[in-house]
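Listed below are the residues making up each chain.
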Amino acid sequence: MSGREAILNRLRVALREGKDDATREQAVQARIAAAPRGVVPMRGRLPDDDRVTLFCAMAQKVSATVERVGSSANVPGAVAAYLRQRNLPARVRMGADARLGAMPWNTEPSLEIDSGRAQDEDLAGVSHAIAGIAETGTVVLHSGQDNPTTVNFLPEHHLVVVRAKDIVGDLETVFDQVRQTFGKGHMPRTLNFITGPSRSADIEQTLLLGAHGPRALHVIMVDGD
Amino acid sequence: MEIRSPAFKENARAALDDPQLRHALEHVKSGFIVKRAMAAEALPEFEKLRDSSKAIKDETLANLDKYLEAYETKVTESGGHVHWAESAADARDIILKICQSVGAKTVTKGKSMISEEIELNDFLEGNGVQPVETDLGEYIIQLRGEHPSHIIAPAVHLARSQVEADFRRVHTHLPVDRDLTEPVTLLSEARKVLRAKYFQADVGITGANFLVAETGTSVIVTNEGNGDLTQILPKVHIVLASIEKIVPTLSDLSQVLRVLARSATGQDMSVYTTLSTGPRRAGDPDGPEQYHVVLLDNGRSSMIGTEFQEMLRCIRCGACMNHCPVYHAVGGHTYGWVYPGPMGSVLTPSLIGVDKAGHLPNASTFCGRCEAVCPVRIPLPKMMRHWREREFSRRLNPATQRYGLKAWAFFARRPRLYRLATSIGIPVLSLFGGRGRFKSLPLAGGWTRHRDMPAPEGRTFMQEWKQREAQKQGARI
Amino acid sequence: MNQQTPQSRRVGLFVTCLVDLFRPSIGFASVKLLEDAGYTVDVPMAQTCCGQPAYNSGDREDTIAIARKTIETFEDYDYIVAPSGSCAGMLKKHYPALFKDGDWAERAKAFSAKVYELTSFLTDVAGVDHVDVVHPGSVTYHDSCSGLRELGIREQPRKLLKSVDGLEIKEMPESDVCCGFGGTFCVKYPDISNRIVEDKTDSIRQSGAKTLLAGDLGCLMNMAGKLQRQGSDVEVRHVAEVLAGMCDTPAIGRRKD
């Protein structure tokens, strides 16, 4: 008997006390299909502007920096300014996200853009989030050409562009969107929920930033569009 | 991991005599407890979320076979492989085979208590595969050849100076005169050293905080980002998880995520919550080419349908040990195996046998703080009592204790005899308690070793009451 | 003294084995408080122990036998009151769990509904909100685990203490952390228990109070024993003694000189 059969049999015998097999099977499938929502905190359930304000506040609480720009046209300038202010080379790693691609990068001609997956030497990465979650100040990104996952983790500085209109209140709303985008029961390879820069408190419970992931998370919130 | 639970009392003695450990454990008391309380306070729905999380786990356990099968289907659909390991040995063999199939020499690891449980690291090393722990706390203790003393903060028992000493001892390629006095310098050094390892690794092994049946997804929750670099850079990603990690849907995941980080560290959300499903897709520029999930049983399926089933709700937040006065006194290593504190006291006997782990459910005052903070409301003291019942009926507890209790129960069941015995014994005892207390007392060495024993007042209450009632009657007549 | 005058309510006092054997004055203080609140107090002779030592050692058989006897002895009273959070908790929360079904389950359920710890009975049932007692000096209050976490006792003793003339409550840090008694725990694992009670005595000293109070004699004997071994002159009493104005007896662990 395989490990699989042994484990499942032991479980079946122990659980047989309840309902019969077919009833349980049906109930389980129904529950997975329905995916009922549980308790959704009121915290993120705010009118649009307040939701965005909450997102910014929550992100800053966890040591992300947040910058608001009027339109996507301002993003390249904001990225260049960020690098200059920190004496970083004018060079970023970026995926193939169409929204990023459509921005006027030619307004920053000295900014070099590397595409594809990130390399260890990359100091700054630029991503476009699919959503932000006001409840916790979290940005949501997924794997693929548009934003290789390595861009989120290898560079020391991670700049994440998110549209104010993509700020939702809670986790459940993001999952609804994911189900819509990828189909019920399907997921991208990686779905990242990122809340602030990398940190560790493993040395005498002292909180430090920049453990293995980025030392700095900079959110560029696009208000317009 | 070598089992040292039978030596619980000796372990405790050593821990109590260790001033540096005592200092380190102060951080647990002041840090985690305060942070959790603040996080719970800041979320009005926190208590309801605990109830909801409990209900989700109960529903899952009541149909664990079905949810596991549904999960497996989804993993396979997304291009991953599910392996079922009944025992620790099975899990080790499966993992080694996967490593050997790609000629792996180096394996990076995210934090996984299950890997401690199956003693994976030593096994891999013995078979020519070098595991590298990437969680900072795990990395530090790997250098020391130690095991984690806490399920969330593995190196909580160490001082900064010890970490510096270990880094200097092992990172010999770095300049000897470098300054490592500030914790941030240690962090930077670890970051550099481990960054190289991430790229070297052929296989990355992570645990899973949750597995989602709806989508065949594994979820890890970290603050460092190490679990992410572990899984996206190598060719192969292995997820090592025990069977009770399943939750039915992403909506359910939302519930338990909200109580996990808050209960563990007081954060609303950990820095990185990562959902992984299968290997890279066609067109993905990065990500592993192979995705394997090793599902471990190791005694858990035998807990289903027993009075210990509720223990399987545990989401490994560590809140129970953070609040436990016994853990505060002796630290995690005293418990002698993988899981310390209250959850360890309930789970360990199930996994390694109550004959070896007998002390653990007994070394508790049943103060109830653990149950009060458990995000999924596991009745931990009740389960420890169940273990004591098992030990009692199997006569595993010391004979002197059993006879003492039997003697007490003999009298307690017979009020007239009890009254007689106590009406003689107590006045006699009080005669010897001249100054109101005893500095030492035969048969009470455990008490009087560290404390005085207050002497009885004189006669028993019942003797006095009987007399006063009789006098009242007499006065009435 | 009390707001309402209940009509001939009969209380069966569960005096607890520790009070019976080691400190009867707590029993008499409890009687006084209950009678002052307008209740008739009876002390059935057939009581011995709530059964916790057997229960927490895994001896279910003896526990059930003791529980049956206790229920039989007390079930006809209107209320069953104990000057102990842990004994009251045992009777109220754990007795019903011992009997799954049938006659005894019903009886245990009915019985447990009438069980109360002393101070919470006075405030929550008898409606007592003050006591006419003078006790100048500072006290600190230890929240015993069972009373706090099983029965929700925290504000009730403090409410009554605040009404005592001249008394000042000086809270200790971590008043709700275990004192390390834990019944048989303190003799099975004395070294660990000692560390826990050391932390507790540190907290007590930090409060600066002259007197330590609590609602459980086990905790009190444990803490008094440690304080005295340390040479402390903090006086240790059961909260009932102060509330009943019966502090002429020597404190726990002391004798009249």
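Residues numbered from 1 in each chain as written. Chains lettered and ligands numbered in written order. Predicted model: local features only at pLDDT ≥ 70, side-chain atom pairs only at ≥ 80, totals over all residues. Heavy atoms only, no water.

### Points about the overall build of chain A
When helices and strands are tallied, chain A shows 7 helices and 12 strands. Along the three orthogonal principal directions, the C-alpha set of chain A runs to about 70 × 40 × 40 Å. Taken across its 225 residues, chain A has 57% of its residues classed as buried. Counted over contacts in chain A with a minimum sequence separation of 6, partners at least 24 positions apart contribute 72%. Of the roughly 9,100 Å² that chain A leaves accessible, carbon and sulfur atoms contribute 51%. If the 26 positive side-chain charges of chain A are averaged to one point and the 27 negative ones to another, these points end up 5 Å apart. (Helix = DSSP H or I, 4+ residues; strand = E, 2+ residues; numbered from the N terminus. Buried < 20%, exposed > 50% of the residue type's maximum accessible area, 1.4 Å probe, protein only. Contact = heavy atoms within 4.5 Å. Areas by Shrake-Rupley, 256 points an atom, 1.4 Å probe, with all protein chains shown as cover. Lys, Arg positive; Asp, Glu negative; His and termini not counted. Charge placed at Lys NZ, Arg CZ, Asp CG, Glu CD.)

### Examining the overall build of chain B
Assigned secondary structure in chain B consists of 22 helices and 12 strands. With respect to the principal axes defined by its C-alpha atoms, chain B has extents near 105 × 60 × 45 Å. Here chain B holds 477 residues, and the buried ones make up 65% of them. Taking as baseline every contact in chain B between residues at least 6 positions apart, the subset at least 24 positions apart corresponds to 73%.

### Side note on the arrangement of the chains
When the 2 pairs of chains in contact are ranked by number of contacts, first place goes to chains A and B. The two units chain A and chain C remain apart, with a minimum C-alpha distance of 18 Å.

### Notes on the interface of chain B and chain C
At the interface, 67 residues of chain B touch 69 residues of chain C. Each partner contributes to the roughly 6,300 Å² buried at the junction of chain B and chain C, and carbon and sulfur atoms together form 59% of this total. Inspection of the chain B/chain C interface yields 11 salt bridges. Linking chain B to chain C there are 37 residue pairs in polar contact (both at pLDDT 80 or more). (Buried area = accessible area lost by both parts, 1.4 Å probe. Salt bridge = Lys/Arg side-chain N within 4 Å of Asp/Glu carboxyl O. Polar contact = N/O pair within 3.5 Å; in protein donor to acceptor, adjacent residues only side chain to side chain.)

### A few points about the packing of aromatic side chains
Residues and elements named next belong to chain C. One pass over the full model with this rule turns up 24 aromatic pairs over all chains. On the numbers, 5.7 Å between centres and 55 degrees between planes, the contact of Phe14 with Phe74 is tilted. Separated by 60 residues along the polypeptide, Phe14 in the loop between strand E1 (9-13) and helix H1 (17-22) and Phe74 in helix H4 (residues 60-74) bring together distant segments of the chain. Across the pair, Phe74 and Phe14 agree in class, each one buried. The interplanar angle of 80 degrees and the centroid separation of 5.9 Å between the aromatic rings of Tyr39 and Tyr79 together place this pair among those described as edge-to-face. Here the residue Tyr39 occupies a position in strand E2 (residues 39-42), and Tyr79 occupies one in strand E3 (residues 79-82), the gap between them amounting to 40 residues. (Phe/Tyr/Trp six-rings, centres within 6.5 Å; stacked < 30°, edge-to-face > 60°.)

### Focus: the pattern of salt bridges
Two side chains carrying opposite charge are able to pair once their charged atoms lie near each other. In total, this model carries 73 salt bridges over all chains according to the counting rule given. Here Asp62 of chain C makes a salt bridge to Arg413 of chain B, at a shortest N to O gap of 2.5 Å. Here Asp62 of chain C, found in helix H4, pairs with Arg413 of chain B, found in the loop between helix H19 (399-412) and helix H20 (415-432), and the two come from separate chains. Judged by relative accessible area, which is 3%, Asp62 of chain C ranks as buried.

### Some remarks on the packing of helix H1 (residues 3-15) of chain A against helix H4 (residues 64-77) of chain B
Relative orientation of the contacting elements H1 of chain A and H4 of chain B amounts to 145 degrees, with a least axis distance of 8 Å. Across from Arg4, Leu8, Leu11, Arg12 and Leu15 of chain A in H1 of chain A, the residues of H4 of chain B making contact are Leu64, Asp65, Leu68, Glu69 and Glu72 of chain B. Classifying every residue of the contact of H1 of chain A with H4 of chain B by side-chain character gives 5 nonpolar, no polar and 5 charged. (Axes fitted to C-alpha atoms, helices over the stretch in contact; angles between N-to-C directions. Nonpolar A, V, L, I, M, F, W, Y, C, P; charged D, E, K, R; others polar.)

### Section: the domain arrangement of chain B
Parsing chain B into structural domains produces domain 1 (1-42 + 318-397), domain 2 (64-301) and domain 3 (404-476). Taking only C-alpha atoms, the centre of domain 2 of chain B and the centre of domain 3 of chain B are 58 Å apart. (Domains from an automatic or database assignment.)

### Quick word on the sheet that holds strand E7 (residues 211-214) of chain C
Residues and elements named next belong to chain C. The parallel open sheet is built from 4 strands, whose spatial order is E6-E5-E7-E8. With partners counted over all chains shown, the strands left at the sheet margins are strand E6 (165-169) and strand E8 (235-238), one partner each. On average, each strand axis in the sheet is inclined to that of its neighbour by 35 degrees, with strand direction left out of account. With 3 bridges connecting them, strand E5 (residues 134-141) and E7 associate as parallel partners. Its bridge partner being in E7, Val139 is matched across the sheet by Thr211. Of the strands in this sheet, E5, E6 and E7 touch helix H9 (residues 155-162), which is tilted by about 140 degrees from E6. (Pairing = 2+ DSSP bridges.)

### Here's the deal with a nonpolar patch on the surface
Residue and element names in this part refer to chain B. There is a patch of nonpolar side chains on the surface, built from Phe410, Phe411, Leu417, Leu420, Ile424, Val428, Leu431 and Phe432 and spanning about 810 Å² of accessible area. Taken together, the elements giving at least two residues each to the nonpolar patch come down to H19 and H20. In terms of residues, the nonpolar patch owes the most to one element, H20, which gives 6 residues. Here Ile424 shows up in helix H20. (Patch = residues over 30% accessible without salt bridge, like charges linked within 9 Å, V, L, I, M, F, W, Y side chains within 5 Å.)

### Focus on unusual backbone geometry
Both trends apply: most residues other than glycine have a negative phi, and most peptide bonds are in trans. Residues and elements named next belong to chain B. Positive phi is not limited to glycine here, since Arg316 has a value of about 60 degrees. You can see Arg316 is positioned in the loop between strand E10 (290-296) and helix H13 (319-322). Overall, Arg316 belongs to the buried group, its relative accessible area being 10%. Residues other than glycine seldom take positive phi values, yet Phe366 does so here, at roughly 60 degrees. Positionally, Phe366 belongs in the loop between helix H16 (354-357) and helix H17 (369-373).

### Describing the domain arrangement of chain A
According to the domain assignment, chain A consists of domain 1 (1-34) and domain 2 (44-222). Computed from C-alpha atoms alone, the centre-to-centre distance between domain 1 of chain A and domain 2 of chain A is 41 Å.

### Focus: the interface of chain A and chain B
If you look at the interface, chain A gives 76 residues, while chain B gives 98 residues. Both sides of the chain A and chain B interface together cover about 7,500 Å² of buried area, and 57% of this is carbon and sulfur. The largest per-residue losses of area from chain A upon contact with chain B belong to Arg189, Asp202 and His212 of chain A, which jointly make up 13% of the total buried on that side. At the boundary of chain A and chain B, one finds 14 salt bridges. Across the pair Asp21 of chain A and Lys66 of chain B runs a salt bridge whose closest N-O atoms are separated by 3.0 Å. The leading source of residues in the side of chain A that touches chain B is H1 of chain A, at 10 residues.

### Topic: the sheet that holds E1 of chain C
Residues and elements named next belong to chain C. Here 4 strands make up an open sheet; going across it, the order is E2-E1-E3-E4 and the pairing parallel. The open sheet has two edge strands, E2 and strand E4 (115-117), and neither has a second partner. For this sheet, the mean inter-axis angle between neighbouring strands, taken without regard to orientation, is 35 degrees. With 3 bridges joining them, E3 and E4 adopt parallel strand pairing. Its bridge partner being in E4, Ile80 is matched across the sheet by Val115.

### Quick word on the nonpolar core
Residues Phe193 of chain A, Leu253, Met311 and Tyr339 of chain B together with Ile192 of chain C are the most contacted members of the largest nonpolar core, which totals 136 residues. Setting aside residues no more than four positions away along its own chain, Tyr339 of chain B makes contact with Met113, Ile114, Glu117, Ile151, Arg300, Arg316, Gly344, Leu347, Thr348 and Leu351 of chain B. Within the second largest apolar cluster, 93 residues are counted, among which are Phe461 of chain B together with Tyr95, Met221 and Ala224 of chain C. (Core = buried A, V, L, I, M, F, W, Y, C linked by side-chain atoms within 4.5 Å.)

### Side note on the environment of Val239 of chain C
Residue and element names in this part refer to chain C. Turning to its location among the elements, Val239 is positioned in helix H13 (residues 239-243). Classification of Val239 as buried rests on a relative accessible area of 0%. Residues Val239 and Met223, spaced 16 residues apart in sequence, show a C-alpha to C-alpha distance of 14 Å.

### Focus on the state of the cysteines
Residue and element names in this part refer to chain C. Scanning the entire structure with this criterion turns up 0 disulfides over all chains. Free cysteine Cys178: the closest other cysteine sulfur is in Cys145, separated by 3.9 Å. Accessibility expressed as a relative area gives 5% for Cys178, which makes it buried. (Disulfide = S-S within 2.5 Å.)

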